[in-house]
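Chain by chain, the residues:
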Amino acid sequence: MGKGDGAAVRTADGIPRLTDDRGRTLTLRGWNVEDKQHTGEDALSAITERHFADLRARGFNFARLLVFWDDLEPRRGQYSESYLRKIRRILDWAHRYGIHVVIDAHQDVFGPAFGHRGIPEWATRTDGLPFTPHPDDWFSEYFEPAVQRAFTHLYEDADLRRAQERMWRLLADRFGTHPAVLGYDLINEPMGELRPGEDLAGAARRIEATHLTPMYNRLADAIRTRDRTNWLFVEPTPIVGEGVPTGLGRVHDQRVVYAPHFYNTAMEAGADYDPAAGWIAAYENAVTAYPREQSIPVVVGEWGPLNSGLPNMRRFHDEALASFTRYSSGWAAYVWCYGGGYCALDREGRFRTNKERTATPYAPAVAGTVRAERHDAERGTYRLAYRAAERPGASVLSLPRSTTGWRITVSGREAWVSARSVPPGRARQVWVGAPGGTDVVVTVRPG
């Protein structure tokens with residue numbers, strides 16, 4: 001998969017799809033990869049080569065890698081070469097297993113000044129406003145006065161703006177040509193300061209319009225002095241999860257991806273999915289307005305419930321994945337780790353309940369215009385219909401390992417497929433090709 005050069009192909013929703021330098025339509029499917037626990041000399045030590053080997057073994061091709069400014073620049077102007085070497089080692093592992101990476105400048109509740117990770121303490125200015133921890137509801141800490149004021153200073157103070165730009169120039173300079181790197185997520189789940197009398201939705205739209213949009217344009221300009229090729233991923237505030245359209249304006253760059261997150265407040269608190277509530281439909285309606293208006297692709301940067309074993313979670317996974325297919329170029333679920341909580345896998349490396357629903361057949365690259373794409377979760381079948389591009393090229397299917405294996409059929413004038421079957425227990429990539437202008441239909445069924 002080459003670096004993207006445009007996004008002319010569109011979803012049925014009228015939203016552009018990611019494309020590569022050969023004009024193929026791209027689909028990213030994978031997981032967030034993180035180490036929030038370790039810092040300093042131990043930073044990123046929880047991420048191992050196994051993470052990427054296991055991602056590939058289950059058919060995934062994408063990782064959103066969390067990096068922390070507080071580890072990169074623990075003291076103003078002093079960057080950690082050790083941290084940069086660790087990032088490169090992780091990218092090398094990703095490349096070895098064919099995993100494409102977005103480097104995410106992550107923050108939770110601003111950073112270590114408030115007991116979390118992200119923006120360094122030296123870049124945290126609170127004007128002496130109070131902060132009270134909420135250990136049982138960490139997200140509510142975003143609404144503490146000190147945290148909100150810190151965001152305002154980050155957006156408005158000239159020296160902090162320059163520091164953030166320097167940080168991104170450094171990352172782009174060091175990693176922009178690395179073959180695993182697909183792009184940069186400029187800041188995770190940005191928030192801001194509410195004004196007296198504002199409701200949350202109104203404040204989010206104002207923050208997005210007046211603070212985030214200028215910040216993204218500044219950071220885009222900074223990155224482009226070092227890297228003119230990779231995609232820039234921009235996020236709204238997390239309030240989009242409440243079905244609120246974003247107030248983001250235009251980011252003036254040719255390679256921008258809209259990267260919202262997909263979380264439901266009740267489910268984040270441990271509740272089961274409520275199919276009757278209409279949340280997925282409301283979210284989809286709200287989240288598609290901006291990328292359609294701006295003509296930019298969508299990749300959902302985080303999603304996944306805290307408790308995936310509840311009675312309706314099988315249905316939630318299937319309905320969420322079907323929704324993403326309608327409008328996005330892919331997603332990164334949260335989070336690829338081994339244990340409890342949000343982890344995809346248990347300590348033995350087996351999918352936790354319902355997480356296996358994410359490992360389905362899909363097409364990482366299509367050499368043509370996608371006409372229809374559907375995964376039938378009940379039957380386990382996948383169908384892709386596309387018109388082959390005039391420019392020669394092969395489409396790629398990713399088939400996760402399965403207890404039954406897979407059977408592949410293809411129709412279309414002179415269409416061919418590199419394998420008609422995949423044995424049980426093996427994840428494989430299969431290539432499909434046809435002369436330009438051919439209408440191709442590929443069907444994958446359990447073996």
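Treat the numbers as computed from the prediction; the structure is a model and nothing was measured.

1. Details of the confidence of the model for the protein chain
Turning to step 1, where the next piece is worked out: Summarising the model, the protein chain shows a mean pLDDT of 96, and 98% of its residues fall at 70 or more.
Turning to step 2, where the next piece is worked out: Ranking the elements of the protein chain by mean pLDDT puts helix α7 (residues 265–268) last, at 93, and strand β3 (residues 62–67) first, at 99.

2. Structural notes on the sheet that holds strand β1 (residues 25–26)
Turning to step 1, where the next piece is worked out: Strands sit in the order β1-β11-β14-β18-β16 across an open sheet of five strands; the sheet is antiparallel. Only two strands of the sheet have a single neighbouring strand rather than two, namely β1 and β16 (416–417).
Turning to step 2, where the next piece is worked out: With two bridges connecting them, strand β11 (residues 362–366) and strand β14 (residues 395–399) associate as antiparallel partners. By the bridge assignment for β14, A365 is matched with V396.

3. Section: the state of the cysteines
Turning to step 1, where the next piece is worked out: Evaluation of the coordinates by the stated rule reveals one disulfide.
Turning to step 2, where the next piece is worked out: C337 shares a disulfide with C343; S-S distance 1.9 Å. The sign of the S-S torsion, about -105°, decides the handedness of the disulfide formed by C337 and C343: left-handed. With respect to burial, C337 and C343 carry one shared label: buried.

4. Concerning the nonpolar core
Turning to step 1, where the next piece is worked out: Among the nonpolar cores identified, the biggest contains 96 residues, and F52, W168, F262, W303 and F316 are the most heavily contacted of them.
Turning to step 2, where the next piece is worked out: Counting 21 residues, the second largest nonpolar core, distinct from the first, contains V366, L384, A388 and V432.

5. Concerning the sheet that holds strand β2 (residues 28–33)
Pairing between the strands of a sheet comes from backbone hydrogen bonds, and it takes one of two forms, parallel or antiparallel.
Turning to step 1, where the next piece is worked out: Taken in spatial order, the seven strands make up an open sheet running β7-β6-β5-β4-β3-β2-β10, and their pairing is parallel. Either end of the sheet is taken by a strand with one partner, and the two such strands are β7 (256–258) and β10 (330–333). Averaged over all pairs of adjacent strands, the angle between their axes in this sheet comes to 25°, without regard to strand direction.
Turning to step 2, where the next piece is worked out: By the bridge criterion, three bridges tie strand β5 (residues 181–185) to strand β6 (residues 231–234) in an arrangement that is parallel. Bridging across to β6, Y184 finds its partner in L232.

6. Examining the side chain of S80
Turning to step 1, where the next piece is worked out: Tracing the backbone shows S80 in the loop between α2 (69–72) and α3 (81–96).
Turning to step 2, where the next piece is worked out: Here Y83 takes part through its backbone nitrogen, which lies 3.0 Å from a polar atom of the side chain of S80.
Turning to step 3, where the next piece is worked out: Residue contacts for S80: discarding those within four places in its chain leaves D71 and L72.

Thresholds applied
Residues numbered from 1 in each chain as written. Predicted model: local features only at pLDDT ≥ 70, side-chain atom pairs only at ≥ 80, totals over all residues. Heavy atoms only, no water. pLDDT = per-residue confidence, 0-100. Helix = DSSP H or I, 4+ residues; strand = E, 2+ residues; numbered from the N terminus. Pairing = 2+ DSSP bridges. Disulfide = S-S within 2.5 Å. Buried < 20%, exposed > 50% of the residue type's maximum accessible area, 1.4 Å probe, protein only. Core = buried A, V, L, I, M, F, W, Y, C linked by side-chain atoms within 4.5 Å. Axes fitted to C-alpha atoms, helices over the stretch in contact; angles between N-to-C directions. Polar contact = N/O pair within 3.5 Å; in protein donor to acceptor, adjacent residues only side chain to side chain. Contact = heavy atoms within 4.5 Å.

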